[in-house]
Protein chains: 2
Amino acid sequence: MPKKVDHLQRRTLIADALMRVAAERGLEAVSLRHVAAEAGVSAGMVQHYFATKDEMMAFAMAVVRDRGEVRVTAAVTRLGAEPPPRLLIRTFIAALLPLDEQSGDTAKVALAFLAYAAVRPAAAAALRDDTAQLRSFVASLLPGPGADEAAGGLLALMEGLGLYLVSGQYTAEQALAVLDAHLDRLFPG
Amino acid sequence: MPKKVDHLQRRTLIADALMRVAAERGLEAVSLRHVAAEAGVSAGMVQHYFATKDEMMAFAMAVVRDRGEVRVTAAVTRLGAEPPPRLLIRTFIAALLPLDEQSGDTAKVALAFLAYAAVRPAAAAALRDDTAQLRSFVASLLPGPGADEAAGGLLALMEGLGLYLVSGQYTAEQALAVLDAHLDRLFPG
DNA sequence: GGCATCACAATGCAACTGTATGGCAAAAGC
DNA sequence: GCTTTTGCCATACAGTTGCATTGTGATGCC
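Scoring rules and cut-offs
- Residues numbered from 1 in each chain as written.
- Chains lettered and ligands numbered in written order.
- Predicted model: local features only at pLDDT ≥ 70, side-chain atom pairs only at ≥ 80, totals over all residues.
- Heavy atoms only, no water.
- Helix = DSSP H or I, 4+ residues; strand = E, 2+ residues; numbered from the N terminus.
- Contact = heavy atoms within 4.5 Å.
- Core = buried A, V, L, I, M, F, W, Y, C linked by side-chain atoms within 4.5 Å.
- Buried < 20%, exposed > 50% of the residue type's maximum accessible area, 1.4 Å probe, protein only.
- Buried area = accessible area lost by both parts, 1.4 Å probe.
- Salt bridge = Lys/Arg side-chain N within 4 Å of Asp/Glu carboxyl O.
- Polar contact = N/O pair within 3.5 Å; in protein donor to acceptor, adjacent residues only side chain to side chain.
- Least-squares fit on C-alpha atoms with pLDDT ≥ 70 in both.
- Expected span 1.5 Å × (residues − 1).
- pLDDT = per-residue confidence, 0-100.
- UniProt positions renumbered as here; feature names shortened; annotations may be inferred.
- Phe/Tyr/Trp six-rings, centres within 6.5 Å; stacked < 30°, edge-to-face > 60°.
- Domains from an automatic or database assignment.
- Axes fitted to C-alpha atoms, helices over the stretch in contact; angles between N-to-C directions.
- Parallel < 35°, antiparallel > 145°, perpendicular 65-115°, else oblique.
- Nonpolar A, V, L, I, M, F, W, Y, C, P; charged D, E, K, R; others polar.

Bringing the environment of Val-41 of chain B into the picture now. Residue and element names in this part refer to chain B. Its location among the elements puts Val-41 in the loop between helix H2 (32-39) and helix H3 (43-49). Put simply, Val-41 and Leu-13 are 28 residues apart on the chain and 9.9 Å apart in space, counted from C-alpha to C-alpha. Once residues within four sequence positions are removed from consideration, Val-41 is found in contact with Leu-13, Ala-36 and Val-46.

So this is what it looks like as structure tokens:
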């Protein structure tokens, strides 16, 4: 076999360029040539690693999701074993929220993908499982009756805070204040 | 002066077509020709009423916002004078949430516009005022201390529920259950 | 009745889109 | 050393995009 190249690395390099373009100019500015230029490679190479644009988009979406998962698990494991439920919840929600500038870009991309998936049922299916899983996990950590609705509410609040952060309506401090106030209600005493 | 035409009506007709296209196939499918075809008019006419595509988009965004406002005030005035705060809040949040199929389309469009505005600071400014206004209104209705953070949390929860509804993760009943559970916490007793 | 003004249509144009295709160099297996 | 496979590039292509231009009726004012 000839020249061996790490396909995954190349694809990730391209996906990163895609995300940069999407974060700066929106998903509609994402074209093969723009992505290639942003990545500093030829348009032909992008085509070589992704047969179609849809395939490239799907891969980039998967990267965004995986990065989020990594951020969460990293933040959670940093807590050590058996952390108190409230701290655990606060930690992984804070890890998911776009609180700094860099994750703000990621969130912009995620928002663009969300709108993209809203009219493409096939792409939306992947997102569904993620939240359902997250919700039952949060519900298991919440005290008292009505934990299920409370978990749904907490996650919805998280998404909403994410939206406000992306659109620049909230600062990181404001968002965390709102989150903490909500947690105060969920963890009485 | 020649043929007098109701400009606003024509522009609204076109904006409605734009929203239909965006709801079905996403914002990136919104082109002058597609919108014209959907509206059943010539592409030249669209150009006649909107000098540029951006102007058309801005007008459509304004229409979406205005429709939301109308929905809210209609639902609220239906309550009569001096409604109890909790009912008032629940009513206008329910009016804003995409609970039926038709408003689901509107919400898809709103989501697309949100992503659109996320990378266009000029378009995002209009949204900011709206939520700030809404937040102080809600805060004035909430009891006890920390009303400001609680109002922010409630609105964030609303946005998150909207997202979940649009992406098909929640049914209308589930969303309302989560909302009511949250209101239970905000209005103790 | 002339005529300016407006509504609308048709066409053209350069730029861009995603994808197909062909070619070329390099590297491994024989 | 030759062949084959692979990485990558360049170009071509048909279709679409936003926008400019020009033309054509129709209308209402004077």
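Still more to cover.
Glancing now at the nonpolar core. Among the nonpolar cores identified, the biggest contains 61 residues, and Ile-89, Leu-142 and Leu-161 of chain A together with Ile-89, Leu-142 and Leu-161 of chain B are the most heavily contacted of them. The contact partners of Leu-142 of chain B, leaving out residues within four places of it in the chain, are Ile-89, Ala-147, Ala-150, Ala-151, Leu-186 and Phe-187 of chain B. Counting residues in hydrophobic clusters, the runner-up holds 32 residues, among them Ala-22, Met-45, Met-56 and Ala-117 of chain A.

Each side of the interface is counted separately: chain B has 43 residues, and chain A has 43 residues. In this assembly, chain B packs against chain A so that about 3,400 Å² is buried in total across both faces, 63% of it on carbon and sulfur atoms. Together, Glu-28, Tyr-164 and Arg-185 of chain B form the three largest contributors to the area buried by chain B at its contact with chain A, with a combined 17%. Here Glu-28 of chain A ties to Arg-120 of chain B by a salt bridge, and the two come within 2.6 Å at their closest N and O atoms. Remark: the boundary between chain B and chain A carries ten residue pairs in polar contact (both at pLDDT 80 or more). Elements with a minimum of two residues in the side of chain B that touches chain A: helix H1 (7-25), helix H6 (101-118), helix H7 (121-141), helix H8 (147-166) and helix H9 (172-186) of chain B.

Our focus in this paragraph is unusual backbone geometry. Trans is the common state for peptide bonds, and a negative phi is the common state for residues other than glycine. Backbone geometry at Glu-82 of chain A places phi at a positive 55°, although glycine is not the residue there. Following the sequence through the fold, Glu-82 of chain A ends up in the loop between helix H4 (53-77) and helix H5 (85-96).

The pair of chain copies shares a relation made of a rotation about an axis and a shift along it. Expressed as a screw operation, the relation of chain B to chain A combines 0.0 Å of axial shift with a rotation of 180°, fitting to an RMSD of 0.1 Å. Considering both components of the superposition, the chain copies are consistent with a two-fold axis. When you check the interface residues of chain B against chain A, 100% turn up at the interface there too, and the contact is symmetric in its surfaces.

What sets the pattern is the α-helix's 3.6 residues per turn: residues three or four places apart point alike. Here H9 of chain B is 15 residues long and its end C-alpha atoms lie 21 Å apart, about the 21 Å a rise of 1.5 Å per residue gives. Taken together, the buried positions of H9 of chain B are occupied by Ala-172, Ala-175, Leu-176, Val-178, Leu-179, Ala-181, His-182, Leu-183 and Leu-186 of chain B. Check the buried side of H9 of chain B and you find it contacts helix H7 (121-141), helix H8 (147-166) and helix H9 (172-186) of chain A together with helix H5 (85-96) and H8 of chain B.

Scored by pLDDT, chain A comes out at a mean of 94, with 98% of its residues at no less than 70. No element of chain A has a lower mean pLDDT than H7 of chain A, which averages 88, and none a higher one than helix H2 (residues 32-39) of chain A, which averages 98.

Under the local residue numbering, the UniProt record ascribes the feature "domain: HTH tetR-type" (unreviewed entry) to residues 8-68 of chain A. Spanning residues 8-68 of chain A, this segment combines 80% helix with 0% strand, and its end C-alpha atoms are found 18 Å apart.

Within the secondary structure layout, Asp-16 of chain A lies in helix H1 (residues 7-25). Each C-alpha atom of the pair Asp-16 of chain A and Ala-39 of chain A lies 7.8 Å from the other, and the pair is 23 residues apart in sequence.

On to the packing of aromatic side chains, then. According to the stated counting rule, one finds six aromatic pairs over all chains in the structure shown. Pairing Tyr-164 of chain A with Tyr-170 of chain A gives two aromatic rings, centres 5.2 Å apart and planes at 45°, and the pair type is tilted. Between Phe-92 of chain B and Phe-137 of chain B the ring centres are 5.8 Å apart and the planes differ by 55°, which places this aromatic pair in the tilted class. Here Phe-92 of chain B is found in helix H5, whereas its partner Phe-137 of chain B is found in helix H7, with 45 residues between them in sequence. A relative accessible area of 1% means that Phe-92 of chain B is categorised as buried.

We now examine the domain arrangement of chain A. Residues and elements named next belong to chain A. In terms of domain boundaries, chain A breaks down into domain 1 (1-51) and domain 2 (62-186). For domain 1 and domain 2, the distance between their C-alpha centroids amounts to 28 Å. Facing eight residues of domain 1, the contacting portion of domain 2 comprises nine residues. With both chains or domains summed, domain 1 and domain 2 bury close to 700 Å², and 78% of this area falls on carbon and sulfur atoms. Per-residue buried area on domain 1 facing domain 2 is highest for Met-19, Ala-23 and Leu-27; these three make up 69% of the total on that side.

Attention now goes to the packing of H1 of chain B against H2 of chain B. Working note: a packed helix pair is described by the angle between its axes plus the distance between those axes. Residue and element names in this part refer to chain B. At a closest axis distance of 8 Å, the pairing of H1 and H2 adopts a crossing angle of 110°. Taken together, the axes of H1 and H2 lie roughly perpendicular to each other. Within the contact between the two elements, H1 uses Ile-14, Ala-17, Leu-18, Arg-20, Val-21 and Arg-25 and H2 uses His-34, Val-35, Glu-38 and Ala-39. Here the residues of the contact of H1 with H2 are counted per class, giving six nonpolar, one polar and three charged.

Okay, the pattern of salt bridges next. Inspection of every chain in the model, using the stated rule, returns 16 salt bridges over all chains. For Asp-148 of chain A, the salt bridge is made with Arg-135 of chain A, and the minimal N-O distance between the two is 3.5 Å. In this pair, Asp-148 of chain A sits in helix H8 while Arg-135 of chain A sits in helix H7, placing the two residues 13 residues apart along the sequence. Residue Asp-148 of chain A is classed as partly exposed on the basis of its relative accessible area of 41%. Here Glu-55 of chain B makes a salt bridge to Arg-11 of chain B, at a shortest N to O gap of 3.6 Å. Of this pair, Glu-55 of chain B sits in helix H4 (residues 53-77) while Arg-11 of chain B sits in helix H1, and the two are 44 residues apart along the sequence. Accessibility expressed as a relative area gives 31% for Glu-55 of chain B, which makes it partly exposed.

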